[in-house]
Amino acid sequence: MTSEPHAQPPTQRPRTAFVLGGGGLLGAAEVGMLRALVEAGVRPDLVIGTSIGAANGALVADDPTMAGVDRLEALWSDADEGPFSGSWLERAQTVTRTAWRTRTALYGHKALQVLVERHLTVTLIEDLQVPFMCCAASIERAAEHWFTSGPIVPAVLASSAVPGLFPAYEIDGEHFIDGGIVNSIPLDRARKAGAERVFVLQVGRVEQPLSPATNPLEVGLVAFEVARRARFTASLARSQGELEVHVLPTGGTAPRYNERASLGYRDTSRIPERIAAARNASTAYLADLGITG
């Protein structure tokens, strides 16, 4: 009598997290990375975001398919209708009114709120298709705060409240500012959440080597980059041997950290280029490593 062959157990893919960092309009690169991942059949089990990565992350957690990426790219195509839109005169009037009213910021939250709401299909974090969390910095507690449930849009606005550009975002009497202040690329959160494979979607700055400042403008820029990268570098070192980590490439479209262009926050002209370059570079990266879903 012949025995039946033993059935092979199904191959279980590693628990996968997408970690999306901050970086303002440079976050367009993350859209290209997401498209490359979806095209390769890679689906997240967890999405973690900070600042602009919180906005991008909420959209992909809402729909981690090609249709969802299309909707996210449509949001970026609407960037001219966002917080920094309008003619120079309209922007000057907006800045003047907001600065007079808040004493601390140039723009209000409303335009970004409308833009994000337009492209989401649900209102609560717990109703997203993929578990999602985002980071903001609490002023009163001088600590990072993680939004893991509740309304999506207030969490994204709190995580994206860049000091000086937007006022601190108030939730239940507590004031929050941009999550990048405390955790610009929250790889460590993915490790603590039990991820086994992490794709880091960053905006390009970590790809650039740093050197000492050579003029007064660079002093602040270099100091900020050291602070921004230090925690990520430490998290990356801690993850060795525990996580499979992939830092996706942008295709080199980010301005150098010490260029004046790195301070720009209104120039939407290079958004399509950044999306396309990051998609092409990340597609090649994934293909070289044979990474699929």
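All values derive from a computational prediction rather than experimental measurement.

**Digging into the overall build of the protein**
A count of helical and extended segments in the protein gives nine helices and eight strands. A burial count over the protein gives 48% of its 293 residues as buried. Taking as baseline every contact in the protein between residues at least 6 positions apart, the subset at least 24 positions apart corresponds to 79%. As displayed, the protein has an accessible area near 13,800 Å², and 56% of this comes from carbon and sulfur atoms.

**Considering the packing of aromatic side chains**
Throughout the structure, instances matching the rule amount to two aromatic pairs. Between Phe 18 and Phe 199, the ring centres sit 6.1 Å apart and the planes meet at 85°, which makes this aromatic pair edge-to-face. Of the two residues, Phe 18 sits in strand β1 (residues 16–20) while Phe 199 sits in strand β7 (residues 197–201), which places them 181 residues apart along the sequence. Judged by relative accessible area, which is 0%, Phe 199 ranks as buried. Relative to Phe 176, the ring of Phe 147 has its centre 5.4 Å away and its plane inclined at 65°; by these criteria the two rings are edge-to-face. Taken as a pair, Phe 147 in strand β4 (residues 143–147) and Phe 176 in strand β6 (residues 174–178) lie far apart in primary sequence, 29 residues in all.

**Remarks on the environment of Val 38**
Structurally, the position occupied by Val 38 is in helix α1 (residues 28–39). For Val 38, a relative accessible area of 16% corresponds to the buried category. For Val 38 and Met 66, which are 28 residues apart along the polypeptide, the C-alpha to C-alpha distance reads 6.4 Å. Once you skip the residues sitting within four places of it in the chain, Val 38 turns out to touch Pro 64, Thr 65, Met 66 and Val 69.

**Some details on the pattern of salt bridges**
Pairing between side chains of opposite charge can happen when their charged atoms approach one another. Taken as a whole and assessed by the stated rule, the structure comprises 11 salt bridges. Its salt-bridge partner being Arg 231, residue Glu 144 comes within 2.6 Å of it at the nearest N-O pair. Taken as a pair, Glu 144 in strand β4 and Arg 231 in helix α8 (residues 216–239) lie far apart in primary sequence, 87 residues in all. Residue Glu 144 is classed as partly exposed on the basis of its relative accessible area of 25%. The closest approach of N and O atoms between Arg 229 and Glu 225, which form a salt bridge, is 3.0 Å. With Arg 229 and Glu 225 both in helix α8, this residue pair falls four residues apart, about one helical turn. Assigned by exposure class, Arg 229 and Glu 225 land together as buried.

**A closer look at the confidence of the model for the protein**
The predicted coordinates of low-pLDDT regions are not to be read in fine detail. In the predicted model, the protein carries a mean pLDDT of 84, and the fraction of residues at 70 or more is 82%. For the protein, per-element mean pLDDT is lowest for helix α4 (residues 88–102), which scores 49, and highest for β1, which scores 98. Across residues 91–96 the pLDDT falls below 50, and counting only partners more than four positions away or on other chains, this stretch makes eight contacts in the model.

Conventions we followed
- Residues numbered from 1 in each chain as written.
- Predicted model: local features only at pLDDT ≥ 70, side-chain atom pairs only at ≥ 80, totals over all residues.
- Heavy atoms only, no water.
- Helix = DSSP H or I, 4+ residues; strand = E, 2+ residues; numbered from the N terminus.
- Buried < 20%, exposed > 50% of the residue type's maximum accessible area, 1.4 Å probe, protein only.
- Contact = heavy atoms within 4.5 Å.
- Areas by Shrake-Rupley, 256 points an atom, 1.4 Å probe, with all protein chains shown as cover.
- Phe/Tyr/Trp six-rings, centres within 6.5 Å; stacked < 30°, edge-to-face > 60°.
- Salt bridge = Lys/Arg side-chain N within 4 Å of Asp/Glu carboxyl O.
- pLDDT = per-residue confidence, 0-100.

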